[in-house]
Amino acid sequence: MACVIGMMTFTSCDPSAINDLMKQKPEISLLQGEDLFTHNTGVSVGTELNFQVKVAPNSSSMSPIANVKFTVKDLNGNLLKSESPEFEDPSVENIFDFSFTAEDSETTYVFTFTVTDQASKSNEIIVNVISSEVVEPINGIYSGLINLHGYITTNEIAGHETYNHEEKELNDIPVTIYFGETNEQGQAHIGIEVEDTYMSFWCPMEGNTIDLNEFVYYQSVELFVNVVVAVTANIDCEVEDGVMTLSGTAEGIGEATVLLAKLDVKLEEGTLEGTLVEATE
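Calculation criteria
Residues numbered from 1 in each chain as written. Predicted model: local features only at pLDDT ≥ 70, side-chain atom pairs only at ≥ 80, totals over all residues. Heavy atoms only, no water. Phe/Tyr/Trp six-rings, centres within 6.5 Å; stacked < 30°, edge-to-face > 60°. Helix = DSSP H or I, 4+ residues; strand = E, 2+ residues; numbered from the N terminus. Buried < 20%, exposed > 50% of the residue type's maximum accessible area, 1.4 Å probe, protein only. Pairing = 2+ DSSP bridges. Axes fitted to C-alpha atoms, helices over the stretch in contact; angles between N-to-C directions. Contact = heavy atoms within 4.5 Å. Core = buried A, V, L, I, M, F, W, Y, C linked by side-chain atoms within 4.5 Å. Salt bridge = Lys/Arg side-chain N within 4 Å of Asp/Glu carboxyl O.

Caption draft 1: Representation of the packing of aromatic side chains in the model. A complete count under the given rule lists 15 aromatic pairs for this structure. Note on Phe-51 and Phe-111: the rings are 4.9 Å apart at their centroids and 45° apart in plane angle, and the pair reads as tilted. One end of the pair, Phe-51, is in strand 3 (residues 48–56); the other, Phe-111, is in strand 7 (residues 107–117), and 60 residues separate them in sequence. When the ring of Phe-111 is compared with that of Phe-113, the centres are 6.4 Å apart and the planes differ by 10°; the resulting orientation is stacked. Look at Phe-111 and you get buried, because its relative accessible area is 0%. The class for Phe-113 is buried, based on a relative accessible area of 0%. Taken together, the ring pairs in this structure connect Phe-37, Phe-51, Phe-70, Phe-87, Phe-96, Phe-98, Phe-100, Tyr-109, Phe-111 and Phe-113 into an aromatic cluster.

Encoded structure:
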């Protein structure tokens with residue numbers, strides 16, 4: 001309790017975080033690494049989704065781990081996969097691998113990673129992954145970099161910088177667009193990959209301009225901590241002579257935990273621009 005009071009002195013505490021601390025829940029986190037997923041995203045059908053899950057007893061209670069369970073469900077609650085891995089020593093940190101292949105398009109998979117200790121206290125992480133159809137790029141594949149300019153606003157956390165509608169540049173964001181068929185309704189079948197997010201949809205097309213409306217991707221933003229922001233973008237793509245010029249608007253929200261406080265992040269008045277070049281091979 002003295003430790004909690006001391007920490008409260010230096011940070012604006014989130015009541016839910018304080019409540020979680022007092023409950024002394026066991027610890028669980030998703031590890032970062034190449035080809036590992038850690039947050040909500042979108043992928044193409046056939047993608048293998050790999051996770052590394054770290055669990056440990058609560059650092060205060062030190063109550064040993066009783067069980068660990070990983071599940072995958074769809075949005076209707078249908079159970080698609082379940083695992084309860086075994087571990088040798090329940091009193092120390094354990095790391096587990098978990099994989100699942102996205103086999104259906106237009107499906108949102110809900111991954112739940114749960115740890116329970118011998119005091120019957122539980123903690124969990126939930127990750128939503130949207131699986132989209134793979135677009136056959138009969139009209140070309142365009143790749144390049146885009147830049148995002150916007151303004152960042154955060155809540156106040158004592159001892160850390162507060163952002164109050166401050167300019168932020170996120171440059172050289174990798175983008176690939178798979179330009180598929182067009183239909184009789186004047187729509188283009190588009191697959192777009194930004195950072196580690198992939199989605200596909202039918203987009204309005206007029207002349208040589210394609211409108212990508214309300215495309216959501218996940219952007220890492222470095223403040224005094226790293227925050228993953230869900231960015232909603234509206235992009236116009238103008239195609240001419242093997243070059244696709246992108247321009248549009250964006251906004252987003254994200255959050256992170258700093259000690260006992262929740263950092264809320266808003267990306268406002270964002271603008272996107274960049275140039276993609278058609279692959280020749």
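Caption draft 2: Summary view of the sheet that holds strand 14 (residues 226–240). In spatial order, the strands read 9-10-11-12-13-14-15-16; together these 8 strands close into a barrel with antiparallel pairing. With strand direction ignored, the average angle separating the axes of adjacent strands in the sheet is 25°. As judged from the 15 bridges shared by strand 15 (residues 243–258) and strand 16 (residues 261–278), these two strands associate in the antiparallel manner. In the strand pairing of strand 16, Thr-245 is matched with Thr-275.

Caption draft 3: Local environment of the environment of Lys-69. Looking at where Lys-69 falls in the secondary structure, it is placed in strand 4 (residues 65–74). Residue classification places Lys-69 among the partly exposed residues on the basis of a relative accessible area of 40%. Beyond its immediate sequence surroundings of up to four residues, Lys-69 is in contact with Ser-82, Glu-83, Ser-84, Thr-112, Phe-113 and Thr-114.

Caption draft 4: Examining the sheet that holds strand 3 more closely. Strand order in the open sheet formed by 3 strands is 1-3-6, and the pairing between neighbours is antiparallel. Sheet topology places strand 1 (27–30) and strand 6 (94–101) at the edges, where each strand pairs with a single neighbour. In this sheet, adjacent strand axes meet at a mean angle of 25° when their direction is disregarded. For strand 1 and strand 3, the ladder comprises 4 bridges, and the chain directions are antiparallel. Each bridged residue has a counterpart across the sheet, and for Ser-29 the counterpart in strand 3 is Lys-54.

Caption draft 5: Representation of the nonpolar core. Among the nonpolar cores identified, the biggest contains 42 residues, and Ile-177, Leu-212 and Met-244 are the most heavily contacted of them. Listed by contribution, the elements that provide at least two residues to this core are strand 9 (141–154), strand 10 (166–182), strand 11 (187–194), strand 12 (197–206), strand 13 (209–222), strand 14, strand 15 and strand 16. Sort the elements by how many residues they give to this core and strand 14 lands first, with 7 residues. The next biggest cluster of nonpolar side chains, apart from the first, holds 22 residues, and it includes Phe-51, Val-53, Phe-98 and Ala-102.

Caption draft 6: Main features of the pairing of strand 9. In the sheet, strand 9 pairs with strand 10 via 11 bridges, with the strands oriented antiparallel. Within the sheet, the bridge partner assigned to Gly-150 lies in strand 10 and is Lys-168. Taken together, the 12 bridges between strand 9 and strand 16 define a ladder with antiparallel strand orientation. Paired with His-149 across the bridge in strand 16 is Thr-271.

Caption draft 7: Representation of the pattern of salt bridges within the structure. As enumerated under the stated definition, the model contains 4 salt bridges in all. A salt bridge links Lys-54 to Glu-93; the shortest N-O distance between them is 4.0 Å. One end of the pair, Lys-54, is in strand 3; the other, Glu-93, is in the loop between strand 5 (79–83) and strand 6, and 39 residues separate them in sequence. The closest approach of N and O atoms between Asp-264 and Lys-262, which form a salt bridge, is 4.0 Å. You can call Lys-262 partly exposed: its relative accessible area is 32%. Linked by salt bridges that have partners in common, Glu-255, Lys-262 and Asp-264 make up one network.

Caption draft 8: Structural view of the side chain of Thr-116. The topology assignment puts Thr-116 in strand 7. Setting aside residues up to four positions removed in sequence, Thr-116 forms contacts with Pro-26, Ile-65, Ala-66, Asn-67, Lys-121 and Ser-122.

Caption draft 9: Broad picture of the environment of Gly-159. Structurally, Gly-159 is set in the loop between strand 9 and strand 10. The exposure class assigned to Gly-159 is exposed, which follows from its relative accessible area of 79%. Distance in space between the C-alpha atoms of Gly-159 and Asn-50 is 36 Å, their sequence separation being 109 residues.

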